[in-house]
Amino acid sequence: MVELNFKDPTLEAADRAIEKREASRGSRQYLGMSSSGDCPRKQAYRHSLIEAAPFEALTLYNFEDGHRTEDLVIERLRMAPDVTVIDRDPDSGKQIEVEDHEGHSLGHLDGEVFGLHQAPKTPHVLEVKCVSDKRFAEFEKLKAKEGEKNTLRAWSETYYAQHQLYMLYRGRTRGYLVVASAGGRRWTSVRTDFNREAAEFYVERARQIIFERDRVPDRISENPNFYMCRWCEYSDVCHEGKPPTRNCRTCVWSKPVAHGAWHCQRHDYGLDFSKQNAGCADQRYRPALVSGEVVSIDDAANTISYRRGDEEWTDDGA
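For clarity, every value in this text was computed on a predicted model and none was experimentally measured. Residue numbers run consecutively from 1 along every chain, following the written order of its sequence. Reporting of local features is limited, given that this is a predicted model, to residues whose pLDDT is at least 70; pairs of side-chain atoms are given and counted only at 80 or more, and all residues count toward the totals for whole chains, interfaces and linings. Side-chain metrics rest on all non-hydrogen atoms present in the structure, leaving aside hydrogens and water.

## As for the sheet that holds strand β9 (residues 254-256)
Argument step 1. One open sheet holds the 3 strands; their spatial order is β9-β10-β11, and the pairing between them is antiparallel. A strand with exactly one partner marks an edge of an open sheet, and here the two such strands are β9 and β11 (269-271). Recorded for the sheet is a direction-independent mean angle of 35 degrees between the axes of neighbouring strands.
Argument step 2. Both β9 and strand β10 (residues 262-264) contribute to a ladder of 3 bridges, which runs antiparallel. If you follow Ser 254 over to β10, its bridge partner there is Cys 264. Criterion used throughout: strands pair if DSSP finds at least two bridges between them. The secondary structure listing takes helices from DSSP runs of H or I that are at least 4 residues long and strands from runs of E that are at least 2 residues long, numbered from the N terminus. Note on definitions: angles span 0 to 180 degrees between N-to-C directions of axes, and those axes are lines fitted to C-alpha atoms, for helices only across the stretch in contact.

If you want it as structure tokens, here you go:
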């Protein structure tokens, strides 16, 4: 019997090319506010430029579909009488940007909306999310159960944290979230009140991730089979003990400084982003990233020794 193979080599080649293009783009230079509600250890790994499992083509296509749907939703909102959407900074022509922690934490708004018919006098920060049909149905169910103002917090901590931070830094008291199914075939919305206590919680968490170099946040779960851990691109580093990437951000000698910059304390020079990614032969892991108890530190020899159970290991850059 002839085995049928329906794979298209042309489409597969395009998939691989798109995956390769995404991998070449590298990581963000800053801690993104859009992920403030994620597992804090995951945020810390990402901010430390630790190499993660690459995204497959299907995931990248979902991202692309989300970006297109966001643009479509904004275009539709502008068709409503008396509604104004500002999705670009009038001075730069780019997305509206907010920052904190000496430029190491940045956020980029989908926009701000004015003249909502349900609250015409109140400016709102605007976020648009494109989700699967299942997530859309969950959102609608929660909205009916929890009420409009409580839905976002119950539905997604990630999006709730993002919303709260954007309201904080823009000085707004309301947020407007539009949730759309793929392609924008269905859409719905909620408004959310500003919660200063919640916003300041995420501000402080970001500060700790950026500046407290002698620790990493706790895992969101100690169970590697917990759904968020199982799907996480850093699961092999976090739960399986894979050594993190050697670079300047995982190095004990690097330090975040003003204006989103980094400084090497061993060589006493500034680190541009390409240097941070490349690292150097003098890189030694920040002890917080190593599983084991520090036994000794020798700055002159540039070594850090650890004990793991009955074994000892010295980080000498090898």
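Once you've had a look at it, read on.
## Remarks on a nonpolar patch on the surface
Argument step 1. Each patch is built from residues that are more than 30% exposed by relative accessible area and take part in no salt bridge. Like charges join if they lie within 9 Å; nonpolar side chains (Val, Leu, Ile, Met, Phe, Trp, Tyr) join within 5 Å. For every accessible area listed, the method is Shrake-Rupley and the probe measures 1.4 Å; residues are considered covered only by the protein chains on display. Any carboxyl oxygen of Asp or Glu within 4 Å of a side-chain nitrogen of Lys or Arg constitutes a salt bridge here. Taken together, Ile 220, Tyr 227, Met 228 and Trp 231 make up a surface patch of nonpolar side chains, about 440 Å² in accessible area.
Argument step 2. Mapped onto the secondary structure, Tyr 227 falls in helix α8 (residues 227-230).

## Regarding the pairing of strand β4 (residues 105-108)
Argument step 1. Pairing of strand β1 (residues 31-32) with β4, which is carried by 2 bridges, proceeds in the parallel orientation. Paired with Gly 32 across the bridge in β4 is Leu 106.
Argument step 2. One ladder, built from 4 bridges, connects strand β3 (residues 97-100) with β4; its direction is antiparallel. Looking at the pairing, Asp 100 lines up with Ser 105 of β4.
Argument step 3. If you look at the hairpin formed by β3 and β4, you'll find 4 residues sitting between the two strands, and His 101 has a positive phi there, around 55 degrees.

## Observations regarding the layout of surface pockets
Argument step 1. Space inside and on the surface of the protein is sampled on a 1 Å grid over the protein atoms alone, with a cavity defined as a set of points where a 1.4 Å probe fits but cannot get out and a pocket as an open set with protein on both sides within 12 Å along at least 5 of 7 lines; lining residues have an atom within 4 Å of a point. Grid points are joined across faces, edges and corners, and a volume is the space filled by probe spheres set on the points. Computed from the structure, the second largest pocket encloses a volume of approximately 360 Å³.
Argument step 2. Taken together, 19 residues make up the lining of the second largest pocket; nearest its centre are Gly 241, Pro 244, Leu 289, Val 290 and Ser 291.
Argument step 3. Within the residue set of the lining of the second largest pocket, elements represented by two or more residues are α2 (40-47) and α9 (235-238).

## Observations regarding the pairing of strand β6 (residues 124-131)
Argument step 1. To sort residues, take the accessible area from a 1.4 Å probe on protein chains only and compare it with the maximum for the residue type: under 20% means buried, over 50% means exposed, and anything in between is partly exposed. Summarising burial for β6: 7 of the 8 residues are buried, a large majority.
Argument step 2. Pairing geometry for strand β5 (residues 111-114) and β6, over 3 bridges, is antiparallel. Paired with Gly 111 across the bridge in β6 is Leu 126.
Argument step 3. Of the pairings in the sheet, the one linking β6 to strand β7 (residues 174-181) comprises 7 bridges and is parallel in character.

## Thoughts on empty space enclosed by the protein
Over the atoms a probe the size of a water molecule is rolled, and this reveals where empty space is left.
Argument step 1. Considering all chains together, one arrives at 2 cavities of 30 Å³ or more under this definition.
Argument step 2. The calculated volume of the largest cavity comes to roughly 40 Å³.
Argument step 3. Around the largest cavity sit Arg 28, Tyr 30, Leu 31, Gly 32, Ser 35, Gln 43, Arg 46 and His 47, which together line it.
Argument step 4. Broken down by secondary-structure element, the contributors of at least two residues to the lining of the largest cavity are β1 and α2.

## A look at the pattern of salt bridges
Argument step 1. Counting across every chain of the model gives 21 salt bridges.
Argument step 2. Arg 16 is the partner of Glu 19 in a salt bridge, and the nearest nitrogen-oxygen pair spans 2.9 Å. Of the two residues, Glu 19 and Arg 16 both sit in helix α1 (residues 9-24), 3 residues apart, roughly one turn of that helix.
Argument step 3. Residue Arg 16 is classed as partly exposed on the basis of its relative accessible area, which comes to 44%.
Argument step 4. Where Arg 196 meets Glu 200, a salt bridge forms, and the shortest distance between an N and an O atom there is 3.7 Å. Here the residue Arg 196 and the residue Glu 200 both occupy positions in helix α7 (residues 196-211), the gap between them amounting to 4 residues, near one helical turn.
Argument step 5. Given the relative accessible area of 47%, Arg 196 is considered partly exposed.
Argument step 6. Relative accessible area serves as the criterion here: at 43%, Glu 200 is assigned to the partly exposed category.

## Overview of the packing of aromatic side chains
Argument step 1. Pairing of aromatic rings covers Phe, Tyr and Trp, the last through its six-membered ring, and needs centres within 6.5 Å; plane angles under 30 degrees mean stacked, over 60 mean edge-to-face, and all others mean tilted. The full count for this structure, using the stated rule, is 8 aromatic pairs.
Argument step 2. Considering the side-chain rings of Phe 55 and Phe 63, the 5.3 Å spacing of their centres and the 85 degrees angle between planes classify their relative orientation as edge-to-face.
Argument step 3. Classification of Phe 55 as partly exposed rests on a relative accessible area of 35%.
Argument step 4. Of the residues examined, Phe 63 reaches a relative accessible area of 40% and is grouped as partly exposed.
Argument step 5. Ring plane angle 80 degrees and centroid distance 4.8 Å describe the contact between Phe 139 and Trp 155, whose orientation is recorded as edge-to-face. A residue pair is termed long-range when its members are at least 10 positions apart, and Phe 139 in helix α4 (residues 133-146) and Trp 155 in helix α5 (residues 148-155) qualify at 16 residues.
Argument step 6. A connected cluster of aromatic rings, assembled from ring pairs, spans Phe 139, Trp 155 and Tyr 159.
Argument step 7. In our convention, an over-ring charge means Lys NZ or Arg CZ found within 6 Å of a ring centre and within 35 degrees of that ring's normal. Sitting over the face of the ring of Trp 187, Arg 76 holds its NZ or CZ atom 5.6 Å from the ring centroid.

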